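Remarks on the overall topology
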2 protein chains.
Amino acid sequence: MAHRAWGERLLVVGTGLIGTSVGLAARAAGAEVLLEDSDPGRLRLAIQAGAGRSAEGDLHVDLVVIAVPPRATGLVASTWLELAQGATVTHVCGVQSLPQRDVELHGGDLTRFVGGHPIAGRETSGPVYASADLFQERPWVICPTAVSSTEASNRVAALADDCGARPVVLDAATHDALLARLSHVPQLVASALAGSITGLDQDRAALAGPGLRDTTRLADSDPRLWTEIVTANAADVAGALRDVAQPLLELAAALEAGTEAETNAQALLEEGRRGRSMLPGKHGGAPVELRAVTVVIPDEPGALARLFGDVAAESVNVEDMRVEHATGQPLGIAEILVLPAAYDRLAAALRARGWTLAS
Amino acid sequence: MAHRAWGERLLVVGTGLIGTSVGLAARAAGAEVLLEDSDPGRLRLAIQAGAGRSAEGDLHVDLVVIAVPPRATGLVASTWLELAQGATVTHVCGVQSLPQRDVELHGGDLTRFVGGHPIAGRETSGPVYASADLFQERPWVICPTAVSSTEASNRVAALADDCGARPVVLDAATHDALLARLSHVPQLVASALAGSITGLDQDRAALAGPGLRDTTRLADSDPRLWTEIVTANAADVAGALRDVAQPLLELAAALEAGTEAETNAQALLEEGRRGRSMLPGKHGGAPVELRAVTVVIPDEPGALARLFGDVAAESVNVEDMRVEHATGQPLGIAEILVLPAAYDRLAAALRARGWTLAS
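Along each chain, residue indices are assigned from 1 in the same order as the chain's sequence is written. Starting at A for chains and at 1 for ligands, labels are handed out in the order in which the entities are written. The model is predicted, so local features are restricted to residues of pLDDT at least 70 and side-chain atom pairs to those at 80 or more, both for listing and for counting; the totals for chains, interfaces and linings are taken over all residues. Each side-chain value is derived from all of the structure's non-hydrogen atoms; neither hydrogens nor water enter the calculation.

Here's the deal with the side chain of Ser21 of chain B
All names here are of chain B. Elements are defined by DSSP. Helices are runs of H or I of four residues or more, strands are runs of E of two residues or more, and each kind is numbered from the N terminus. Here Ser21 lies in helix 1 (residues 17-28). Burial classes: relative accessible area under 20% of the type maximum marks a residue as buried, over 50% as exposed, and values in between as partly exposed (1.4 Å probe, protein chains only). When its relative accessible area of 0% is taken as the criterion, Ser21 is described as buried. Other than its neighbours up to four places away in sequence, Ser21 contacts Ala130, Ser131, Ala132, Leu134 and Phe135. Contact between two residues is taken to exist if any of their heavy atoms lie within 4.5 Å; hydrogens are not considered.

Shown next, in the form of structure tokens:
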């Protein structure tokens, strides 16, 4: 008898970053998780991380999550539709139309198949970087096909919910067009930007500031995985790529011609600000509003300990935190993010204990 | 009698983010700092921040730092070359050739003029965000003209040094070509990328993940300032823009034609990784190599305090730190960055005290 909306037993096929994180999150929510991976070493790491136990051919599961590379997703999903009779089969792929097409071509009981895509990840990969809270407050797109049963969709939504994510239903085509813009093209743009400095001397490239570093962070991602994603979503990616590249080329032409260069540059920069304002906050999605208590800290052993001792003495839960200071500098800044209700009390308490608040 | 290599009295003209930060850093190094700004409100904020005192027409200074928008820089520098007899005049502008040309056109004692550009900043502006350690370990480019005296160059280098920066000498043309790639084009690319989502519904844009947020962080920058910078460096920016946009358009064409799309995508992604590996680390420049001790922390009041108490008990200096966990999740991760020499000791000590290390 199922205690949770999707059932009790989850099978995760593929224990990379996302698969292992799904296992961790589902176990944290009390589910029984079975793991499967073609690479025994990767499977072992996921088990050690606490994501579940080896499936060992056990087919009695309620829900199967396929977390393998994009091109293999459809075939592996079809295989498990056959193997795990009665189970709902979903996946976590960054593209939806391609695996859906593959599953449809293969046939079988397609009412039990529903596409899925938790919009979370990082530029690192593998089970070692997995985390139970990778999906926390993140959108988890659910893509039912024309024949998916409502029960199957609801099960995937319930899993997303158990993982702390926000289920969002979209059809595969809408998902792919949207993700081309929000994810696939940003990846390619970051790579093209980082790639444009390879002609420089190392000494010269070292003059880059934090702006270029942040803008190109995604360029650390796995080229093989991303080649699969962008080629699997070719038409949408091509169109969205043009929408970024074309204005840059027009600006280049205006700068060289010396006509309208200012108007052109300013329009591009202002449009960028508008786009920025549409992005969700730090935690993504409908963010928990947190407030930062910004504290000046001396750069000496024990200063942070003293600060956190003082924070803890107020029994305030620190939601997130950031410390910035460079070696050898007398001062640093600690941003302590807390729920709004805790802000005033913490700020007053830290001031009373002699800390200087920067904001 | 000068106690420091550039003299004793510094005048900062323009108390925005960079000017105020120069004042703060120079004062932290013991200098006397005079401030000047056409906007009395901004001047007052800089004084309140502790960046110096109002210049009040006092012209007895050894070094003048012009920190005004790019297009005004040359003219303001020329004015202060005349007003502050004997003083070295430099600036902090993101472009070098334009202000240098303006100063040369204006004439006067050009031996005392040296261009300068501390490669530091943030997407916020104004004296409120200024910080004494903005330049710490950052490169500070010094651009002597053909007639700049060695003494003038040395003074600017000594100021950079006092601010904790690393002086790097380049000619103006080399600086501008380099910064087009490392700074001006990344700004425009971030803006074009952010601008490419303005056609989406707000609900849909909210599905964006942290990747797009980081990649477009620069798009928050001031459009007016950046319009001045990129139009002041038009030819170099145009060329560098093409080097980013052209490969993106070629990939778009390959994706649509379906020929060579994989090879093309993978090559672009791999070139991006190569570029990434050329960038300096977190602290910029020739980075201090830091190592991260990654600790699993329970999400409960007092856990961070306990962790930092334990870190402090080892008398290890925390160089930087990052805590990541989402509200309501049982576990979070703290990355404690320390000098390599301290890593083994701290890791062993934390394990001995019962902490789980994630790496």
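Overview of the relation of the copies chain B and chain A
A least-squares fit on C-alpha atoms brings the copies together, and the residues used are those whose pLDDT is at least 70 in both copies. Structural alignment of chain B on chain A gives an RMSD of 0.6 Å, achieved by rotating through 179 degrees and translating 0.2 Å along the axis. The transformation relating the two chain copies, once decomposed into turn and shift, fits a two-fold axis. When each C-alpha of chain B is compared by its distance to the rotation axis, Thr215 of chain B comes out closest, at 2.1 Å.

Notes on the nonpolar core
Side chains of nonpolar character tend, in soluble globular proteins, to be buried together. Side-chain atoms within 4.5 Å link the members of a nonpolar core, which is a set of buried Ala, Val, Leu, Ile, Met, Phe, Trp, Tyr and Cys residues. Counting 92 residues, the largest nonpolar core has Leu188, Leu241 and Leu248 of chain A together with Leu188, Leu241 and Leu248 of chain B as the members making the most contacts within it. Every residue in contact with Leu188 of chain B, bar those within four places of it in the chain, is listed here: Leu248, Leu251, Leu268 and Leu269 of chain A together with Val230, Val237 and Leu241 of chain B. Counting 42 residues, the second largest nonpolar core, distinct from the first, contains Val318 of chain A together with Val295, Leu307 and Met321 of chain B.

Regarding a nonpolar patch on the surface
A surface patch of nonpolar side chains, about 280 Å² in accessible area, is lined by Leu45, Val128 and Tyr129 of chain A. Inspection of the secondary structure puts Leu45 of chain A in helix 2 (residues 40-48). Within this analysis, patches are made of residues with over 30% relative accessible area and no salt bridge. Like charges are joined at 9 Å or less; nonpolar side chains (Val, Leu, Ile, Met, Phe, Trp, Tyr) at 5 Å or less. Computed with a 1.4 Å probe, the accessible areas rest on the Shrake-Rupley method; for each residue, only the protein chains presented here act as cover. We define a salt bridge as a contact between a side-chain nitrogen of Lys or Arg and a carboxyl oxygen of Asp or Glu at a distance within 4 Å.

Overview of helix 11 (residues 261-277) of chain B
Since the α-helix packs 3.6 residues into each turn, any two residues three or four apart lie on the same face. Expected span of a helix, by definition, is 1.5 Å for each gap between consecutive residues, and there is one gap fewer than residues. Under the 1.5 Å per step criterion, the end-to-end length of helix 11 of chain B is 25 Å for 17 residues, consistent within 8% with the ideal 24 Å. Along helix 11 of chain B, the positions that sit buried rather than exposed are Ala261, Ala265, Leu268, Leu269, Gly272, Gly275 and Arg276 of chain B. Along the long axis of helix 11 of chain B, the arc covered by the buried residues comes to 115 degrees, so they all point the same way. In helix 11 of chain B, the exposed residues that point more than 90 degrees away from the buried face are Thr263 and Ser277 of chain B. Looking at the packing, one finds that the buried side of helix 11 of chain B touches helix 6 (172-195), helix 8 (210-215) and helix 9 (223-232) of chain A together with helix 10 (234-257) of chain B. Summarising the geometry, the arc corresponds to the directions from the helix axis toward the C-beta atoms.

Observations regarding the interface of chain B and chain A
Taken residue by residue, the interface counts 121 residues in chain B and 120 residues in chain A. When two parts are brought into contact, each loses some accessible area as probed by a 1.4 Å sphere; the total of that loss over both is the buried area. A buried area of about 11,000 Å², summed over both sides, lies between chain B and chain A, and 63% of it is on carbon and sulfur atoms. On the chain B side of the contact with chain A, Leu207, Arg276 and Met278 of chain B bury the most area, a combined 7% of that side's loss. By the criterion applied in these results, polar contacts are pairs of N or O atoms within 3.5 Å in which, for protein atoms, one can donate a hydrogen and the other can accept it, and in which residues neighboring in sequence qualify only through two side-chain atoms. Our count for the contact surface shared by chain B and chain A stands at 22 residue pairs in polar contact (both at pLDDT 80 or more). Following the grouping adopted for this structure description, the nonpolar residues are Ala, Val, Leu, Ile, Met, Phe, Trp, Tyr, Cys and Pro, the charged ones are Asp, Glu, Lys and Arg, and the polar ones are all others, Gly among them. Classifying every residue of the side of chain B that touches chain A gives 60 nonpolar, 31 polar and 30 charged.

What to know about the confidence of the model for chain A
Residues and elements named next belong to chain A. Per-residue confidence from the predictor is reported as pLDDT, a score between 0 and 100. Predicted confidence across chain A gives a mean pLDDT of 89, with 91% of residues reaching 70 or more. When the criterion is pLDDT under 50, residues 282-288 qualifies, and its contacts beyond four places in sequence or with other chains add up to 24 contacts. Predicted confidence is poor over residues 326-330, with pLDDT under 50, and the contacts of this stretch with residues over four places away or in other chains come to 19 contacts. We note a pTM of 0.78 for the whole complex and an ipTM of 0.78 for its interfaces.

Some words on the pairing of strand 7 (residues 139-144) of chain B
Residues and elements named next belong to chain B. Most of strand 7 sits out of view: five of its six residues are buried. When DSSP finds two or more bridges between two strands, those strands count as paired. Note: strand 6 (residues 114-118) against strand 7, five bridges, orientation antiparallel. Within the sheet, the bridge partner assigned to Gly116 lies in strand 7 and is Ile142. Pairing between strand 7 and strand 8 (residues 166-169): four bridges, direction parallel. Within the sheet, the bridge partner assigned to Trp140 lies in strand 8 and is Pro167. Note on the crossover from strand 7 through helix 5 (residues 150-162) to strand 8: the handedness is right-handed. Crossovers are marked right-handed if the path from the first strand over the helix to the second runs clockwise, as seen with the strands pointing away from the viewer.

Some details on the sheet that holds strand 2 (residues 32-36) of chain B
A sheet is described by the order of its strands in space; here five strands give the open sequence 3-2-1-4-5 (chain B), paired in parallel fashion. The open sheet is flanked by strand 3 (53-54) and strand 5 (88-91) of chain B, the only strands paired with a single partner.

Overview of the packing of helix 6 of chain A against helix 6 (residues 172-195) of chain B
For helices, the fitted line uses only the C-alpha atoms of the stretch in contact; every axis is such a line through C-alpha atoms, and the angle between N-to-C directions lies from 0 to 180 degrees. Two elements in contact, helix 6 of chain A and helix 6 of chain B, have axes separated by 11 Å at closest approach and are oriented at 170 degrees. Our classification of the angle between helix 6 of chain A and helix 6 of chain B gives roughly antiparallel. Facing Val185, Pro186, Val189 and Leu193 of chain A of helix 6 of chain A, the residues of helix 6 of chain B in contact are Val185, Pro186, Val189 and Leu193 of chain B. In the contact of helix 6 of chain A with helix 6 of chain B, the residues fall into eight nonpolar, no polar and no charged. Roughly parallel means an angle under 35 degrees; roughly antiparallel, over 145; roughly perpendicular, 65 to 115; everything else is oblique.

Let's talk about helix 2 (residues 40-48) of chain B
Near the N-terminus of helix 2 of chain B, the side chain that reaches the backbone nitrogen of Gly41 of chain B, with its oxygen 2.8 Å away, is that of Asp39 of chain B. One or two steps after helix 2 of chain B, the chain reaches Gly50 of chain B, where phi turns positive at roughly 95 degrees.

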